[in-house]
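These are the residues of each chain, in order.
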Amino acid sequence: MNLRLFVLVRSVQILITFFIIMTLLFVLFRLAPGDPVAFLTDPQMTEEEVALLSQQFGLDQPLHRQYLLYVWNFIRGEFGISFYYHRPVVEILKDRLPKTALLFTTATILYAFAGITWGKILAWKRGSLLDTSVSLFGLLTHTFFLPWLALILIWIFAYHLGWFPLNAMISPEIWLDPESGWLRKGLDILHHMVLPLAVLFLTHFGGYTLVMRSTMLETLREDYILTARAKGLPEKVIRNRHAAPNAALPVVTSLGLSLAFSINGGAITETIFSWPGLGRELVFSVSNSDYPLAQASFLLIAAFVLVSNLIVDIIYAYLDPRIRY
Amino acid sequence: MSLLEVDSLTVHYLTAKGKVHALEEVSFDLKKGEALGLVGESGCGKTTVAMAIMKLLAPNARVLSGKILLRGEDLLRKGEEEMRKVRWKEVSMVFQSAMNALNPVHRVGDQIVEAILAHDGSFSEEEAQKRVSELFALVGLDPNRMRDYPHQYSGGMRQRAIIAMALACEPSLVIADEPTTALDVVVQDQILGEMKRLQMDLHLSLLYISHDISIIARACDRMGVMYAGQLVELGPTQKVLEAPLHPYTRGLLNSYPSLRGPKKRLRPIPGEPPNLWEPPEGCRFHPRCPRASEICRSSCPPVVSLENGHFARCHRPRS
Amino acid sequence: MSSREGKRTNSSKPRHRAFPRTGIRWLRHLEENWRIYRSNPMGMAGLVLLALFGLMALASFIPPLIDPIYDPMSGVDPIIDTSTGPSWRHWLGTDFMGRDIFSQLLTGARVAFMIGISAAFMAVAIGTLVGMTAGYFGRTVDTLLMRLADIIMVLPGLLVILILSSVVGRLSIWNLVIIIALFKWAGVSRVIRAQTLSLSVRPYIEAARVAGASHARILFRHILPNVLPLSFLYMTFGVTSAILIEAALSFLGFGDPSTVSWGMMLQWVWKTGHMFKAPYWLIPPGVCISLITLSFYLVGRALDEVLNPRLRKEVLEQ
Amino acid sequence: MELRDDPEPMVVFQEVSKVYPGRKTLFTKGGEDVVALDRVSFEIRVGEIFALVGESGSGKTTCGRLLVRLEKTTGGRILFEGSRIDLLRRSEMKAFRRRVQMIFQDPYQSLNPQLTVFQTVVEPLVIHGHGSHRQREEKVQSVLEEVGLKPASDFFFRYPHQLSGGQRQRVAVARAMVVEPRFVVADEPVSMLDASIQAQILNMLLDLKERYSLTLLFITHDLASARYVSDRVAVIYRGKIMEYGPTEAVIQNPLHPYTRLLIRAAPSARNRGEILPVAACPVDLYHAPTHTGCRFAARCPNCTPQCREKEADLFHVEAGHYAACYLHYG
């Protein structure tokens, strides 16, 4: 079946892309002004430690060997030691990745789904009060500057009203309490997630709604919609079965294309809410000149975006029979 | 009694550029089991007639006057919900561009099943599937290809699928809007033959709409000629082709090169059709008419009947 | 009204034996397009907002002239050394060092326009050239350029710039502009390439080839005028994304420390812990960034409608 | 096979093939080569209108595009006035471009929407550095009037969207005629137009041909209009010429079963054809036949075992009338 081939080819492409990104990163760090040793070693390290690291990363060897070693280290999951945490980078990332995935994936699913649903409804009722008001709302929230919206939401809902925690992912008192079960812990995470989710949702929902609305309007002009009407099908069937799936196709494409863009917003959200994810770690490590951690968390984010892209591609192929067969 | 009677139908489109006089006092009727053709150049309003019957006119269209009687009931007075029951069950349609008339994301068979189920509650899913495979066989398609998607079909196959779809609910009237325009000559011939056979076998009434007079000639018992939003001639096909009353019809017939008979120089109608924002005063054809006289320039000609059942909208029909 | 109408009919009538001038249709038809644009209230709202921001940018030179204490970066009010609320002396109050927030806000407008327009212009110029080249010449050139564009497009731009600044240190405004342009051309080139591809198989391009036109002639006489409107449209979208990247970067603390931008103002209010007590300081820069994004977005959508007749609403839809 | 019956033909197709390499994409099962033309040979005599008739996908348009060098052949050669067009040098190419012009099918797509009528028509003159500004202007004016756009100055500053379909096609003809070519390829020049306009354009082409003693390759799917304009005709099916000869001879006395099918299927306003059963519709026009026999065998009423084994070559039957069918072999 062709779908399998399609996924295979896309996977290979994505691997190649990732490899190129890795190489670019290597070039960037090695060609940057200054001593490459400085990027790998902490000023507070002892000389023996520096020597050990230099050897591990082959800094005493020619560039091409360094590159091979870099790739090999990557494959082994050996990213060095974080200057800040004094722990292996890989351990830190292992802890951060699921947290980013949780926040980002939930947000993406929520806003994509809501955008498609609302766009569909608004196009169907174009010109109505509902259309005007929701479109306007979407347009406004879509153009909100994300960090600012986050600060405002914290200010109102966490500081003034006190409905949600100011930041972080868990409340230590709940998680340290041996009495609390998984439900209580889960609800606690959910409680902490509400505001960051709201920020990501509000800044993205409008864009998808508007795109879906306009592609839906275009789809409604297609001949097969006329056919569906002529067939005497109920309006709901025309909207949900004939128009919406076709209109959603370009929206799914744009979802794939804007994942990279959304992860920027994800990183900022994590930073503001102190959500212990990859994005925050990246911002944090760059501020602290923690190069090994910065490098590795960037690569991991890139990989995350690429894999998400692949998933979107698969969803697209599933929706469009012209790709499947 | 006629199955369908269109009585002085007038439709305008409101556009940013102004009012388009798309249809002006168009009247014709269609009997049970008959094939009637409407022929005319692009923009003459023939598709508007079809859409008005289906009540699927664009939102900026305004029906100013007229009646569309189906078995004596005026469709223009029906509400949307009532009309939904008329569509496909009573009147179905074969669309112009088969490529786009089928939804690309649904299987061809399912799109027909859906029409059956929407109108006939007595069908179960399986019975509807079975009916579709009968329909496929009827129009000359392999029933095994029901589960294919439209993009897996060739142009001719898609057109056949559309015809199968149009017949799904056993309608009494099928409107075929340029049913073969995008197809090659041989396939076009097959499809027209197929439709003729179905018309005979199922005792269907057919309303053909085409820009190509030869297709209408091939398929219809009676034909009407449209020009600039008006029906300028209506009569039995044989009569209209052999002894046209209206100068436009004659000009149109002279515009087609022929494969048979001696080779003659074509004498096309000079000029171009008028735009319908500002149709000419008087007879709409007068600026291009070789026989136009003073009265043609000033007053709109009435519909005259020279012979039984052969009408023309002309001041000076064939002398 | 009547005189304008008169002029229009006059210009659309052919002048006999007047020597034909070369020109690009959408430039010549500016008047007509402006009429279509004007009928879009959202687009007009966007333009009005933009004009306001333009005024702010121009006005940013004034406060330091009145008194050096209004200098957005170095102006420290001798009697205020902490953040205070709005007053006659400081219309929007002062920041943690006693600098005037209003004049910072005006300067922010100037910086936003500078960054937005120059980065978007560079990105669109590169993107248009690359897209046209790739689309027209096809084959290996196309594959290479578009693979490159693909890779750039799957990179999260902001985070790459973060990594860059970790390596080379703080980025100056102009370096930032160049880097943003290097990230943003990819999307433009994809669109322009698609357009070029569809254009270059149009019969009128083939007719030009049959007439013996050179590649340069086809590219610049036949394809460029047809893709330029699209490039222009993408410029309006590019401006917003450049402004947003700079603002986000400044907000995270990686901005050019020698200038003040709205993002940086937000960073200060956040980092100095004033966000819960100084709404007069928290609200204005955020509103400005959001509104300038909104205005470019509105203008872009209205332009899209002008350039893309299919999107135009039928005027009399029920 | 020798098709030469004119000592100095204007255009010669010698065993011309065009194969589009099968592109493996993600979305098609692809990979198969598409044979658009399979060893096509014919010649066009000076001063005649030669019609190429075929269904969509038959390769007729490819012939025209190869001839004006919009595409390159993958086999065989094309001679124009005795020289191979694939070996032209740069300067010769420019001269070739002046002598050979093309009229395209879709008048809505063949004019640049950004250019005025004048800009469109004058462009070939500018490219070939023809005359002064004033001379060019006069030339454009006269050619516009010749194609029936009178008075020409009324049309100079109009854009394509301000013209009707017929007027656009006239502008397209003017653009082709402005360099006074010797030879014009007209690719379905009327198929997108209304019937009354079609006849106007056909008559105009006939007039232009007389006045400029032009040679024309007229590509069409419609046998009737081919009959109306052409002196000789070739019928092409799936990339191969099935029948070839003087137009009247081919129409009145079709030799190949495919031509007969086409003639029988053609609808006509004057003679209402009776319904005849026709063999199965063409399954897939775009892929090379997998078997070795005649490509029409599956649909042919006269098919013999011989036809299924080996395809017949074009065979001279009578006075310049050729057919690729065993029915007429010796």
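Residues numbered from 1 in each chain as written. Chains lettered and ligands numbered in written order. Predicted model: local features only at pLDDT ≥ 70, side-chain atom pairs only at ≥ 80, totals over all residues. Heavy atoms only, no water.

A.B. asks: Is there a simple way to explain the overall build of chain B in this structure?
C.D. replies: Each helix and strand in chain B was counted, giving eleven helices and twelve strands. The C-alpha radius of gyration computed for chain B amounts to 20 Å, which stays within 12% of the reference 20 Å derived for 319 residues, consistent with globular compactness. Dimensions of chain B, computed from the C-alpha atoms along their principal axes, are close to 65 × 50 × 40 Å. Here chain B holds 319 residues, and the buried ones make up 61% of them. A separation of at least 24 residues holds for 63% of the contacts in chain B among residues at least 6 apart in sequence. When the accessible surface of chain B is totalled, it reaches about 12100 Å², and 52% of it is carbon and sulfur. Counting 40 positive and 38 negative side-chain charges, chain B places the averaged centre of each group 6 Å from the other. (Helix = DSSP H or I, 4+ residues; strand = E, 2+ residues; numbered from the N terminus. Rg over C-alpha atoms; globule rule 2.2 N^0.38 Å. Buried < 20%, exposed > 50% of the residue type's maximum accessible area, 1.4 Å probe, protein only. Contact = heavy atoms within 4.5 Å. Areas by Shrake-Rupley, 256 points an atom, 1.4 Å probe, with all protein chains shown as cover. Lys, Arg positive; Asp, Glu negative; His and termini not counted. Charge placed at Lys NZ, Arg CZ, Asp CG, Glu CD.)

A.B. asks: I would appreciate a short explanation of the nonpolar core in the present structure.
C.D. replies: With 182 residues, the main nonpolar core has Ile272 and Phe298 of chain A together with Ile161, Ile223, Trp262 and Ile292 of chain C as its most contacted residues. Dropping the residues within four chain positions of it, isoleucine 292 of chain C is found in contact with Leu50, Phe53, Ala112, Phe113, Thr240, Ile243 and Trp262 of chain C. If you look at the next biggest cluster of nonpolar residues, it comprises 104 residues, including Met83, Leu102, Met146 and Leu234 of chain B. (Core = buried A, V, L, I, M, F, W, Y, C linked by side-chain atoms within 4.5 Å.)

A.B. asks: Just to check I follow, could you spell out the packing of helix H5 (residues 89-124) of chain A against helix H12 (residues 278-287) of chain A for this structure?
C.D. replies: In a packed pair of helices, the relevant descriptors are the angle between the two axes and the axis-to-axis distance. All names here are of chain A. Two elements in contact, H5 and H12, have axes whose closest approach is 8 Å; the angle formed by their N-to-C orientations is 130°. Considering their axes alone, H5 and H12 lie oblique with respect to each other. Here Ile92, Leu93, Arg96, Leu97 and Thr100 of H5 lie close against H12, whose contacting residues are Leu278, Gly279 and Glu281. Residues belonging to the contact of H5 with H12 are distributed by class as follows: four nonpolar, two polar and two charged. (Axes fitted to C-alpha atoms, helices over the stretch in contact; angles between N-to-C directions. Parallel < 35°, antiparallel > 145°, perpendicular 65-115°, else oblique. Nonpolar A, V, L, I, M, F, W, Y, C, P; charged D, E, K, R; others polar.)

A.B. asks: I would appreciate a short explanation of the interface of chain A and chain C in the present structure.
C.D. replies: How large an interface is tends to be reported as the accessible area lost when its parts come together. Contacts between the two partners involve 49 residues from chain A and, on the opposite side, 43 residues from chain C. Of the roughly 4200 Å² buried where chain A meets chain C, counting both sides, 79% is carbon and sulfur surface. Among the residues of chain A in contact with chain C, Phe145, Trp148 and Leu151 of chain A are the three that bury the most area, contributing 17% of the side total. Seen at the junction of chain A and chain C, the total is zero salt bridges. Linking chain A to chain C there are three residue pairs in polar contact (both at pLDDT 80 or more). Elements with a minimum of two residues in the side of chain A that touches chain C: helix H1 (2-31), helix H6 (129-143), helix H7 (146-160), helix H9 (182-219), helix H11 (235-272), H12 and helix H13 (291-319) of chain A. (Buried area = accessible area lost by both parts, 1.4 Å probe. Salt bridge = Lys/Arg side-chain N within 4 Å of Asp/Glu carboxyl O. Polar contact = N/O pair within 3.5 Å; in protein donor to acceptor, adjacent residues only side chain to side chain.)

A.B. asks: I would appreciate a short explanation of the packing of aromatic side chains in the present structure.
C.D. replies: Here the structure, examined in full by the defined rule, presents 35 aromatic pairs over all chains. With 5.3 Å between their ring centres and 15° between their planes, phenylalanine 201 of chain A and phenylalanine 205 of chain A make a pair best called stacked. In this pair, phenylalanine 201 of chain A and phenylalanine 205 of chain A are both assigned in helix H9, four residues apart and thus about one turn of the helix distant. Overall, phenylalanine 201 of chain A belongs to the partly exposed group, its relative accessible area being 24%. Ring plane angle 70° and centroid distance 5.3 Å describe the contact between tyrosine 258 of chain D and phenylalanine 296 of chain D, whose orientation is recorded as edge-to-face. Highlighted residues: tyrosine 258 of chain D in helix H9 (residues 257-265) and phenylalanine 296 of chain D in the loop between H9 and helix H10 (305-309), separated in sequence by 38 residues. Phenylalanine 296 of chain D matches tyrosine 258 of chain D in its accessibility class, with the two residues each being buried. Members of the aromatic cluster, connected to one another through ring pairs, are Phe13, Phe42, Phe50, Tyr244 and Tyr322 of chain D. It is lysine 271 of chain C that lies over the ring of tryptophan 270 of chain C; its NZ or CZ is 4.5 Å from the centre. Stacked on the ring of phenylalanine 155 of chain D, the Lys or Arg arginine 158 of chain D has its end atom at 4.6 Å from the ring centre. (Phe/Tyr/Trp six-rings, centres within 6.5 Å; stacked < 30°, edge-to-face > 60°. Lys NZ or Arg CZ within 6 Å of the ring centre and 35° of its normal.)

A.B. asks: What's the story with the confidence of the model for chain B in this structure? I'm lost.
C.D. replies: Interpreting fine coordinate detail is not advised for predicted regions of low pLDDT. Scored by pLDDT, chain B comes out at a mean of 89, with 99% of its residues at no less than 70. Of the two predicted TM-score estimates for the complex, the pTM is 0.84 and the ipTM is 0.81. (pLDDT = per-residue confidence, 0-100.)

A.B. asks: Just checking my understanding: could you explain the domain arrangement of chain A for this structure?
C.D. replies: All names here are of chain A. One can read the domain layout of chain A as domain 1 (19-78) and domain 2 (91-319). Computed from C-alpha coordinates alone, the two centres of domain 1 and domain 2 are separated by 36 Å. With nine residues of domain 1 at the contact, the number on the domain 2 side is seven residues. Between domain 1 and domain 2 we count zero salt bridges in total. (Domains from an automatic or database assignment.)

A.B. asks: Would you mind showing me how to read the side chain of serine 261 of chain C here?
C.D. replies: Relative to the elements of secondary structure, serine 261 of chain C occurs in the loop between helix H11 (215-251) and helix H12 (262-271). Look past the residues within four positions of serine 261 of chain C in its chain and what remains in contact with it is Gly108, Val111, Glu246 and Ser250 of chain C.

A.B. asks: Would you mind showing me how to read the packing of helix H3 (residues 30-38) of chain C against helix H13 (residues 279-307) of chain C here?
C.D. replies: All names here are of chain C. Where H3 contacts H13, the axes come no closer than 9 Å and their chain directions differ by 125°. Between H3 and H13, the angle is such that the two are oblique. Read as a crossing pair, H3 and H13 show a hand that is right-handed. Residues Asn33, Ile36 and Tyr37 of H3 lie in contact with H13, whose contacting residues are Val299, Ala302, Leu303 and Val306. Classifying every residue of the contact of H3 with H13 by side-chain character gives six nonpolar, one polar and no charged. (Left-handed = near helix turned anticlockwise from the far one by under 90°.)

A.B. asks: How do you make sense of H7 of chain A when you look at a structure like this?
C.D. replies: In an α-helix, one full turn covers 3.6 residues, which means residues spaced three or four apart are oriented alike. Taking 1.5 Å of rise per residue, 15 residues should cover 21 Å, and H7 of chain A covers 20 Å from first to last C-alpha, within 8% of that figure. A large share of H7 of chain A lies buried, amounting to eleven of its 15 residues. Residues of H7 of chain A that are buried: Leu146, Pro147, Trp148, Leu149, Ala150, Leu151, Ile152, Leu153, Ile154, Trp155 and Ala158 of chain A. On its buried side, H7 of chain A packs onto H9 and H11 of chain A together with H11, H12 and H13 of chain C. (Expected span 1.5 Å × (residues − 1).)

A.B. asks: I would appreciate a short explanation of the sheet that holds strand E11 (residues 303-307) of chain B in the present structure.
C.D. replies: Strand pairing within a sheet occurs via backbone hydrogen bonds; the two strands may be parallel or antiparallel. Residues and elements named next belong to chain B. In space, the eight strands of this open sheet follow the order E6-E7-E8-E3-E9-E10-E12-E11, with mixed pairing throughout. This sheet does not close on itself; its edge strands, each paired only once, are strand E6 (91-94) and E11. Neighbour-to-neighbour, the strand axes of this sheet turn through a mean angle of 20°, independent of strand direction. Where E11 lies against strand E12 (residues 310-313), four bridges are found, and the strand directions are antiparallel. Within E12, the residue paired with glutamate 307 across the bridge is histidine 310. Along the sheet, helix H1 (residues 46-54) contacts strand E3 (35-39), E6, strand E7 (173-177), strand E8 (205-210) and strand E9 (222-227); its crossing angle with E6, the most-contacted strand, is approximately 145°. (Pairing = 2+ DSSP bridges.)

A.B. asks: Explanation requested: H12 of chain C in the structure shown.
C.D. replies: When you tally the buried positions in H12 of chain C, you get nine out of ten residues, the bulk of the element. Among the residues making up H12 of chain C, those that are buried are Trp262, Gly263, Met264, Met265, Leu266, Gln267, Trp268, Val269 and Trp270 of chain C. As for H12 of chain C, its buried residues are in contact with H7 and H11 of chain A together with helix H4 (41-59), helix H6 (101-137), H11 and H13 of chain C. Within two residues after H12 of chain C, glycine 273 of chain C carries a phi angle of roughly 70°, on the positive side.

A.B. asks: I keep staring at the sheet that holds strand E2 (residues 34-44) of chain D and nothing clicks. Help me out?
C.D. replies: Residues and elements named next belong to chain D. Within the open sheet, the four strands sit side by side as E2-E1-E4-E5. Their pairing is antiparallel. Single-partner strands in this sheet number two, and they are E2 and strand E5 (83-84). As paired strands, strand E4 (residues 75-80) and E5 are joined by two bridges and run antiparallel to one another. What sits directly across from leucine 79, in E5, is arginine 84. Running at roughly 115° to strand E1 (residues 11-20), helix H1 (residues 60-67) makes contact with E1, E2 and E4 of the sheet.

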